[in-house]
Amino acid sequence: MARFTISNYRKFGVAALCCLLLLAGTACNRGKKPTESSEPGAEVSSWENPPVTERPASDFQPDIPDVMQQLQAAVSQNGDTVGWLTIPGTEVNEAVVQTTDNEYYYRRDAQGNYSFSGSLWMDYESSIGDGNAQNFSRNTIIYGHNLGKPQGVRDDPNGVKFGQLFKFDDLEFAKAHPYFYFTTREGTHIYEIFTVFYSEDKLSPVPYHYASYSGKDYEALLDDVRARSQFDYNVKTGQNDKIITLSTCTYKYGTYTQNPHQRFVIMGRLVGEDEDLYETADLQINPDPKAPDFRA
């Protein structure tokens, strides 16, 4: 059977982009925080992953976006550009920037100009190293604002920036869109979505916005976020996985004034080079997702 794997895929313009990045040199989540989650009191979650079954072999070939030229142009305009995020089925197809804090791009666009809708920015403690996804932080966090069209509409799946993430709160949309893509100078990396959830901004027992974790805390994180998921994804996750976390505000549990600690989060695991890819996600509704706890 002809088989499409990640190792078959290469991008043009890698060398040029590498030079640009070397010459050039992180929504709704702001301020300093520790780099490790293995703080005193952190415990392994008692939650268990849903059962995962083997899927049949697949020769599906996804339409992987060719955005290397756009990324090169973004890097030339702003040296803080670290990659390009594409989420099929949404309007999210733009540069991701990063700097030394999580404040600078809160109200700036990807060129550094004032913009109320901000940009997509990577947490300042996450690292993508040389652009090879195997050298990324265990958890690469990307933030973006949740703004409706027109402004004032909340959790609008047709909104701007990460308002688009709310499309994944729909079962049929989630089924039809199993992957998102993150492009660096090394090429385009494929991430398989394994959880979509509402949460407090600092999860218990382990927050989701750390870049690094001890082994037991990483297992606890993966178990916990799957227990919170709106859907049970038939996707195996484990300690060796590299993940990308997409995080935005939500207004499901009140206005920002009433509750500034609520978040909507999507996580994807890096797809290995020899893994089969599938046209649709294998998932079902989680009948009892773990609810956010805002008491802390």
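As a starting point, this report considers the structure included with it. Remember, predicted model here, so these are calculated numbers, not experimental data.

### Notes on the pattern of salt bridges
Evaluation of the coordinates by the stated rule reveals ten salt bridges. Here Asp224 makes a salt bridge to Lys290, at a shortest N to O gap of 2.6 Å. Of the two residues, Asp224 is situated in helix 4 (residues 215-228) and Lys290 in the segment after strand 12 (283-285); the sequence distance between them amounts to 66 residues. A residue is classified by how much of its surface remains accessible, and Asp224, at 1% relative accessible area, is buried. The class of Lys290 is buried, set by a relative accessible area of 19%. The network of salt bridges with shared partners includes Glu192, Asp241, Arg269 and Glu275.

### Re the pairing of strand 4 (residues 139-143)
Put simply, side chains in a regular strand alternate between the two faces of the sheet. Most of strand 4 sits out of view: five of its five residues are buried. Burial of strand 4 is two-sided: the residues Asn139, Ile141 and Tyr143 facing one way and the residues Thr140 and Ile142 facing the other way are all buried. Here strand 3 (residues 120-122) pairs with strand 4 via two bridges, running antiparallel. Across the sheet, residue Met122 finds its bridge partner in strand 4, namely Ile142. Summarising the sheet, strand 4 and strand 10 (residues 243-249) pair through five bridges and their orientation is parallel. Along strand 10, the bridge assignment pairs Ile141 with Thr245.

### Remarks on the packing of aromatic side chains
Under the criterion given, the structure shown has 14 aromatic pairs. Measuring from centroid to centroid gives 4.5 Å for Phe166 and Phe264, while their planes differ by 20°, and the two rings are stacked. Of the two residues, Phe166 is situated in the loop between strand 6 (160-161) and helix 3 (171-176) and Phe264 in strand 11 (residues 262-270); the sequence distance between them amounts to 98 residues. When sorted by exposure, Phe166 lands in the same class as Phe264, which is buried. Ring centres 6.4 Å apart and planes at 80° place the aromatic pair Tyr198 and Tyr253 in the edge-to-face group. Separated by 55 residues along the polypeptide, Tyr198 in strand 8 (residues 187-200) and Tyr253 in the loop between strand 10 and strand 11 bring together distant segments of the chain. Under the relative-accessibility criterion, Tyr198 is labelled buried at 5%. Clustering of aromatic rings is evident, with ring pairs tying together Phe166, Tyr198, Tyr253, Phe264 and Phe294. Across the ring face of Tyr253, the terminal group of Lys252 is positioned such that the distance to the ring centre comes to 6.0 Å.

### Regarding the environment of Ile243
Along the chain, Ile243 falls in strand 10. In this structure Ile243 comes out as buried when scored by relative accessible area, which is 1%. Along the primary structure Ile243 and Met267 are separated by 24 residues, whereas in three dimensions their C-alpha atoms are 6.7 Å apart. Setting aside anything within four residues of it in sequence, one finds Ile243 in contact with Arg138, Asn139, Thr140, Tyr191, Phe194, Tyr218, Leu221, Met267, Gly268 and Arg269.

### A closer look at unusual backbone geometry
Even without a glycine there, the phi angle at Asp155 is positive, about 50°. In this model, Lys161 sits at a positive phi of 50°, which is unusual for a non-glycine residue. Within the fold, Lys161 resides in strand 6. Here Lys161 falls in the buried class, since its relative accessible area comes to 18%.

### Let's talk about the side chain of Asn286
Here Asn286 shows up in the segment after strand 12. Looking at Asn286, the relative accessible area reads 10%, which means it is buried. One polar contact links the side chain of Asn286 to the main-chain amide nitrogen of Asp288, over a distance of 3.0 Å. The residues contacting Asn286, other than those within four sequence positions of it, are Arg226, Ala227, Ser229, Gln230, Phe231 and Asp232.

### Some remarks on the pairing of strand 2 (residues 93-97)
The element strand 2 is extensively covered by neighbouring structure, given that four of its five residues are classed as buried. The pairing of strand 2 with strand 3 spans two bridges and is parallel. Residue pairing in the sheet places Val96 in a bridge with Leu120 of strand 3.

### Observations concerning the sheet that holds strand 7 (residues 179-184)
The strands making up a sheet are joined through hydrogen bonds of the backbone, oriented either antiparallel or parallel. Strands sit in the order 1-2-3-4-10-11-8-7 around a closed barrel of eight strands; the barrel is mixed. The sheet shows a mean angle of 30° between the axes of neighbouring strands, taken without regard to direction. Here nine bridges tie strand 8 to strand 11, and the two strands are oriented antiparallel to one another. Across the sheet, the residue bridging to Phe197 is Val265, located in strand 11. Where helix 2 (residues 68-77) meets the sheet, its contacts fall on strand 1 (81-86), strand 2, strand 7 and strand 8, and the angle it forms with strand 1 comes to roughly 145°. Relative to strand 8, helix 4 is tilted by about 65°, and along the sheet it contacts strand 8, strand 10 and strand 11.

Here is what the cut-offs are and how they apply
- Residues numbered from 1 in each chain as written.
- Predicted model: local features only at pLDDT ≥ 70, side-chain atom pairs only at ≥ 80, totals over all residues.
- Heavy atoms only, no water.
- Salt bridge = Lys/Arg side-chain N within 4 Å of Asp/Glu carboxyl O.
- Helix = DSSP H or I, 4+ residues; strand = E, 2+ residues; numbered from the N terminus.
- Buried < 20%, exposed > 50% of the residue type's maximum accessible area, 1.4 Å probe, protein only.
- Pairing = 2+ DSSP bridges.
- Phe/Tyr/Trp six-rings, centres within 6.5 Å; stacked < 30°, edge-to-face > 60°.
- Lys NZ or Arg CZ within 6 Å of the ring centre and 35° of its normal.
- Contact = heavy atoms within 4.5 Å.
- Polar contact = N/O pair within 3.5 Å; in protein donor to acceptor, adjacent residues only side chain to side chain.
- Axes fitted to C-alpha atoms, helices over the stretch in contact; angles between N-to-C directions.

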